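In case you want the letters, here they are:
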Amino acid sequence: LQDLEAQAQAYKENNHVIYREDFFDDATWAAILRETKRLWKSPELEANCNLDGVNRLGGYVLDHMGVESSLYHLLYGNEPFRRWVSAVNG
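Residue positions are given per chain, counting from 1 as you read along its sequence in written order. A pLDDT threshold of at least 70 governs which residues receive local features in this predicted model, and a stricter bar of 80 or more applies before side-chain atom pairs are shown or counted, although totals over entire chains, interfaces and linings include all residues. Side-chain calculation: all heavy atoms of the structure are included, whereas hydrogens and water are not.

Before we go on, may I ask you to explain the overall build of the protein in this structure?
Put simply, DSSP H or I for four residues or longer makes a helix, DSSP E for two residues or longer makes a strand, and each gets a number counted from the N terminus. Looking only at helices and strands, one finds 4 helices and 2 strands in the protein. Its helices and strands taken in sequence order, the protein reads α-α-β-β-α-α from the N to the C terminus. Exposure classes here rest on a 1.4 Å probe applied to the protein chains alone. A residue is buried below 20% of its type maximum, exposed above 50%, and partly exposed in between. Residue burial in the protein is summarised as follows: out of 90 residues, 23% are buried. Note on definitions: a residue-residue contact is assigned when non-hydrogen atoms from the two residues lie within 4.5 Å. If you take every contact in the protein between residues at least 6 apart in sequence, the share linking residues at least 24 apart comes to 47%.

Looking at this structure, how should I read the packing of helix H1 (residues 4-13) against helix H4 (residues 79-89)?
Helix-helix packing is characterised by the crossing angle of the two axes and by the distance between the axes. Where H1 meets H4, the axes come as close as 8 Å, and the angle between the chain directions of the two elements is 60°. Judged by the angle between their axes, H1 and H4 are oblique. Facing Leu4, Gln7, Ala8 and Tyr11 of H1, the residues of H4 in contact are Trp84, Ala87, Val88 and Asn89. Of the residues contributing to the contact of H1 with H4, the split by class is 6 nonpolar, 2 polar and no charged. Only C-alpha atoms enter the line fits that serve as axes; for helices the fit covers just the stretch in contact. Angles between N-to-C directions range over 0 to 180 degrees. The labels follow the angle: roughly parallel below 35 degrees, roughly antiparallel above 145, roughly perpendicular from 65 to 115, and oblique for the rest. We call Asp, Glu, Lys and Arg charged. Ala, Val, Leu, Ile, Met, Phe, Trp, Tyr, Cys and Pro are nonpolar, and the rest, Gly among them, are polar.

What follows is the structure, encoded as structure tokens:
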């Protein structure tokens, strides 16, 4: 959460896109990877292989299932990440 004004400016100048390398700490990133691997094997994910038709595939976490995914908590419940998004996105 440093130099947020410069990051916000870069975000605006780059058509609302910004890249931050190694944003999450090692423990959070490892937990995100574990949860994404778990989701691929669970009924909580609706696969979608048509994101660009070439190299990317993904899916939708089905939040209507009444299961609170730890992926939700790792991203949207991550207070430093939320503060960063709010500061950079304005």
